[in-house]
Amino acid sequence: MTLGQQIITIAICIAGTMATRFLPFLIFSGKRPTPKYVQYLGNALPAAIFGMLVIYCLKNISFTITGSWAPQLIAIAVVVGLHLWKKNMLISVAAGTICYMLLVQFVF
């Protein structure tokens, strides 16, 4: 890429990022109430996205080799256990990720 192409690419990325950040505030200003369907999506989508991520991450799991499924299931158990205990998604996901990485690097 030439320097001009690099600058154009970066400018397009910046414009796209700014549009996705500012557009909701312009569309749903504080003067009007937020539509009910947007409120519903705000409540329903986070859980749906996490569900999709779990399925996507486990889609190629093979139960014939212990080292390929044990780290994932142990990390999932850690995430679920911590979330039920602490009710904090950030702690749960971070601890599950750390647990998985340690298991893959040092145990399996």
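Just so it is clear, the model here is predicted, and its values are computed rather than measured.

Engineer: I'm lost on the packing of aromatic side chains in this one. Help?
Structural biologist: Remark: the centre distance and the inter-plane angle together describe each pair of aromatic rings, the angle taken between the planes. For the coordinates displayed, the defined rule picks out 1 aromatic pair. An angle of 40 degrees between the planes, with centres 5.9 Å apart, marks the rings of Phe-63 and Trp-69 as tilted. Residue class for Trp-69 comes out partly exposed when judged on its relative accessible area of 26%. Note that Lys-86 overlies the ring of Trp-85, its terminal NZ or CZ placed 4.4 Å from the centroid.

Engineer: How should I be thinking about the packing of helix α3 (residues 66–86) against helix α4 (residues 89–107) in this particular structure?
Structural biologist: Think of two packed helices as two axes; the pair is described by the angle between the axes and how far apart they sit. Look at α3 against α4: their axes get within 8 Å of each other, and the N-to-C directions meet at 155 degrees. Between α3 and α4, the angle falls in the class roughly antiparallel. By crossing handedness, the relation of α3 to α4 is classed as right-handed. For the pair formed by α3 and α4, the contact residues are Pro-71, Gln-72, Ile-74, Ala-75, Val-78, Val-79, Leu-82 and His-83 on the first element and Met-89, Ile-91, Ser-92, Ala-95, Gly-96, Cys-99, Tyr-100, Leu-103 and Val-104 on the second. Tallied by class, the residues present in the contact of α3 with α4 amount to 13 nonpolar, 4 polar and no charged.

Engineer: Teacher, can you tell me more about the layout of surface pockets here?
Structural biologist: Over the atoms rolls a probe the size of a water molecule, and in doing so it shows where empty space is left. Of the voids in this model, the largest pocket is the one considered here, and its volume is about 650 Å³. Taken together, 18 residues make up the lining of the largest pocket; nearest its centre are Phe-50, Val-54, Ile-76, Val-79 and Val-93. Contributing elements (two or more residues each) for the lining of the largest pocket: α2 (36–58), α3 and α4. Within the lining of the largest pocket, the residues separate by chemical class into 13 nonpolar, 5 polar and no charged.

Engineer: Looking at this structure, how should I read the confidence of the model for the chain?
Structural biologist: Segments scoring low in pLDDT should not have their predicted coordinates read at a detailed level. Looking at the chain, pLDDT values average 91 and 100% of them are 70 or higher. The least confident element of the chain is α2, whose mean pLDDT is 90; the most confident is helix α1 (residues 3–27), at 94.

The rules behind the values
- Residues numbered from 1 in each chain as written.
- Predicted model: local features only at pLDDT ≥ 70, side-chain atom pairs only at ≥ 80, totals over all residues.
- Heavy atoms only, no water.
- Phe/Tyr/Trp six-rings, centres within 6.5 Å; stacked < 30°, edge-to-face > 60°.
- Buried < 20%, exposed > 50% of the residue type's maximum accessible area, 1.4 Å probe, protein only.
- Lys NZ or Arg CZ within 6 Å of the ring centre and 35° of its normal.
- Axes fitted to C-alpha atoms, helices over the stretch in contact; angles between N-to-C directions.
- Helix = DSSP H or I, 4+ residues; strand = E, 2+ residues; numbered from the N terminus.
- Parallel < 35°, antiparallel > 145°, perpendicular 65-115°, else oblique.
- Left-handed = near helix turned anticlockwise from the far one by under 90°.
- Contact = heavy atoms within 4.5 Å.
- Nonpolar A, V, L, I, M, F, W, Y, C, P; charged D, E, K, R; others polar.
- 1 Å grid on protein atoms, 1.4 Å probe; cavity = no way out; pocket = protein on both sides within 12 Å on 5 of 7 lines; lining within 4 Å.
- Points joined across faces, edges and corners; volume = space filled by probe spheres on them.
- pLDDT = per-residue confidence, 0-100.

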